[in-house]
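# Breakdown of the fold
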Amino acid sequence: MTDTAPPPFLFHQGTAPLLISMPHVGTYVPPALAARFTDEARQVHDTDWHLERLYGFAKELGASILVATHSRYVVDLNRPPDGASLYPGQSVTGLCPVDTFDDTPIYAAGDVPGDAEVAARRDAVWAPYHAQLRAELDRIHAAHGVAMLWDAHSIRSVLPRFFEGKLPDLNLGTGNGTSCDPALAEELLAIGKAATGYTAVLNGRFKGGHITRHYGDPARNIHAVQLEMTQSSYMQEAMPFDYLPEVAAGIEPHLRRMIEAALAFAEKRRAS
């Protein structure tokens, strides 16, 4: 039986001046590569599970949506193409990761990808995703005079490798204020802080990855925000990583308020 690989991304074009990017929801690993993985790595634990479902309301708001298909273990779409660290001095995973968030090896026999393999994965998966992201942002900007990019992520709430204790539930990142208008960032933070039962922070442990930092250009009226959510806010954080509709129902209205605020900001900018 031959393996039919999915395209590098799935894309829905909307009508509003907003693009939602989901670079870490993919779970596909080519069989030949999966054969080199450990049993644990083949379970792709570090996926941003179920975000398409959690953001299911976004289509009705007119958002364009860009969804990754391949696992971040194949290539990480939120890393710079040269693999440079986004958090110098802190523990991070790379463009083609060799270890999991739990700091266990991905490759069973230690046969980690060399430069040529990394380049091939970057060309096959990373480059098409980013070409689509750039093209859609440019289309939105040309059509509306403003473009909003929302980079959607989720992560286990407790991960000692990356942070102490429990992560706040809503982690907004704007590259320390460089990727979007500060007024919008503060408005989003206020929504997060007003969400009863949840915690929120702006430019804390997660300040936005490559996508937020690279594409956000407030001077050109292109505003980018990353939201890193705790998975405990909407799903099981351990296998089988099930979506929990009753839990998700608590966070979804606040998430929707944030997206609506971003859209309202864009509309205001378009009007002016």
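To start, this report covers the structure provided alongside it. Every value quoted in this text rests on a predicted model; they were computed, and no experiment measured them. (Residues numbered from 1 in each chain as written. Predicted model: local features only at pLDDT ≥ 70, side-chain atom pairs only at ≥ 80, totals over all residues. Heavy atoms only, no water.)

### Comments concerning the overall build of the chain
Looking only at helices and strands, one finds six helices and seven strands in the chain. Sequence-ordered secondary structure for the chain, helices as α and strands as β, is β-β-α-α-β-α-β-β-α-β-α-β-α. In summary, the chain has a C-alpha radius of gyration of 18 Å against a globular reference of 19 Å for 272 residues, a match within 12%. C-alpha atoms of the chain, sized along the principal axes, occupy 55 × 40 × 40 Å. In the chain, which comprises 272 residues, the share counted as buried stands at 55%. Looking at the chain as shown, the accessible area adds up to about 11,200 Å², and 56% of this sits on carbon and sulfur atoms. A distance of 5 Å separates the average location of the 23 positive side-chain charges in the chain from that of its 32 negative side-chain charges. (Helix = DSSP H or I, 4+ residues; strand = E, 2+ residues; numbered from the N terminus. Rg over C-alpha atoms; globule rule 2.2 N^0.38 Å. Buried < 20%, exposed > 50% of the residue type's maximum accessible area, 1.4 Å probe, protein only. Areas by Shrake-Rupley, 256 points an atom, 1.4 Å probe, with all protein chains shown as cover. Lys, Arg positive; Asp, Glu negative; His and termini not counted. Charge placed at Lys NZ, Arg CZ, Asp CG, Glu CD.)

### Notes on the nonpolar core
Here is a general trend for soluble globular proteins: nonpolar side chains tend to be buried in one another's company. Counting 57 residues, the largest nonpolar core has Ile20, Leu54, Tyr55 and Trp150 as the members making the most contacts within it. Dropping the residues within four chain positions of it, tyrosine 55 is found in contact with Ile20, Met22, Trp150, Ala152, Leu227, Leu255 and Ile259. Ranked by size, the runner-up nonpolar core spans 20 residues in total, among them Val75, Leu77, Val125 and Leu149. (Core = buried A, V, L, I, M, F, W, Y, C linked by side-chain atoms within 4.5 Å. Contact = heavy atoms within 4.5 Å.)

### Considerations on the packing of aromatic side chains
Evaluation of the coordinates by the stated rule reveals seven aromatic pairs. Relative to tyrosine 73, the ring of phenylalanine 37 has its centre 6.2 Å away and its plane inclined at 75°; by these criteria the two rings are edge-to-face. Here phenylalanine 37, found in the loop between α1 (31–34) and α2 (51–54), pairs with tyrosine 73, found in the loop between β3 (64–68) and α3 (115–144); they are 36 residues apart in sequence, far enough to count as distant. Summarising the burial analysis for this pair, phenylalanine 37 and tyrosine 73 share the class buried. Where phenylalanine 37 meets tyrosine 107, the ring centres are 5.4 Å apart and the plane angle is 85°; that geometry is what we call edge-to-face. With phenylalanine 37 in the loop between α1 and α2 and tyrosine 107 in the loop between β3 and α3, this pair connects stretches of sequence that are 70 residues apart. (Phe/Tyr/Trp six-rings, centres within 6.5 Å; stacked < 30°, edge-to-face > 60°.)

### Comments concerning the pairing of strand β7 (residues 222–230)
The buried count for β7 comes to nine of nine residues, which makes it a mostly enclosed element. Where burial is concerned, the two faces of β7 agree: the one with Ile222, Ala224, Gln226, Glu228 and Thr230 and the one with His223, Val225, Leu227 and Met229 are both buried. Here strand β4 (residues 147–155) pairs with β7 via nine bridges, running parallel. Across the sheet, histidine 153 pairs through a bridge with glutamate 228, a residue of β7. Bridge count for strand β5 (residues 170–173) against β7 is four bridges, and the pairing is antiparallel. Within β7, the position partnered with leucine 172 by the bridge is leucine 227. (Pairing = 2+ DSSP bridges.)

### Digging into the pairing of β5
Going residue by residue along β5, you find Leu170 and Leu172 tucked away on one face and Asn171 and Gly173 tucked away on the opposite face as well. Where β5 and strand β6 (residues 200–202) come together, three bridges link them in parallel fashion. Looking at β6, one finds that leucine 172 is bridged to leucine 202. The parallel pair β5 and β6, bridged by helix α4 (residues 182–193), forms a crossover whose chirality is right-handed. (Right-handed = clockwise from strand over helix to strand, strands pointing away.)

### What about the layout of surface pockets?
Counted as a void, the second largest pocket has a volume near 150 Å³. Along the wall of the second largest pocket there are 13 residues; nearest its centre are Pro30, His70, Val74, Arg121 and Val125. When residues of the lining of the second largest pocket are assigned to their parent elements, the largest contribution, four residues, is made by α3. For the lining of the second largest pocket, the class distribution of residues is 10 nonpolar, one polar and two charged. (1 Å grid on protein atoms, 1.4 Å probe; cavity = no way out; pocket = protein on both sides within 12 Å on 5 of 7 lines; lining within 4 Å. Points joined across faces, edges and corners; volume = space filled by probe spheres on them. Nonpolar A, V, L, I, M, F, W, Y, C, P; charged D, E, K, R; others polar.)

### Overview of α3
With 30 residues, α3 extends 41 Å between its outermost C-alpha atoms, agreeing within 8% with the 44 Å of an ideal straight helix rising 1.5 Å per residue. The largest bend in α3 is about 40°, located at arginine 122. Positive backbone phi, approximately 80°, marks glycine 145, located one or two places after α3. (Expected span 1.5 Å × (residues − 1). Bend = angle between axes of the 7 residues up to and from the residue.)

### Quick notes on empty space enclosed by the protein
A full pass over the atoms with the stated rule returns one cavity of 30 Å³ or more. Approximately 40 Å³ is the volume found for the largest cavity. His45, Asp46, Thr47, Phe101, Ser154, Ile155, Arg156 and Gln231 are the residues that line the largest cavity. Residues belonging to the lining of the largest cavity are distributed by class as follows: two nonpolar, four polar and two charged.

### Let's talk about the sheet that holds β6
Strand order in the open sheet formed by seven strands is β1-β3-β2-β4-β7-β5-β6, with mixed pairing between adjacent strands. Strand pairing shows two members of the sheet lacking a second neighbour, β1 (9–12) and β6, which therefore form its edges. Pairs of neighbouring strands in the sheet enclose a mean axial angle of 15°, with direction left out of account. Sheet strands in contact with α4 are β4, β5, β6 and β7, and its direction is about 165° off that of β6. (Axes fitted to C-alpha atoms, helices over the stretch in contact; angles between N-to-C directions.)

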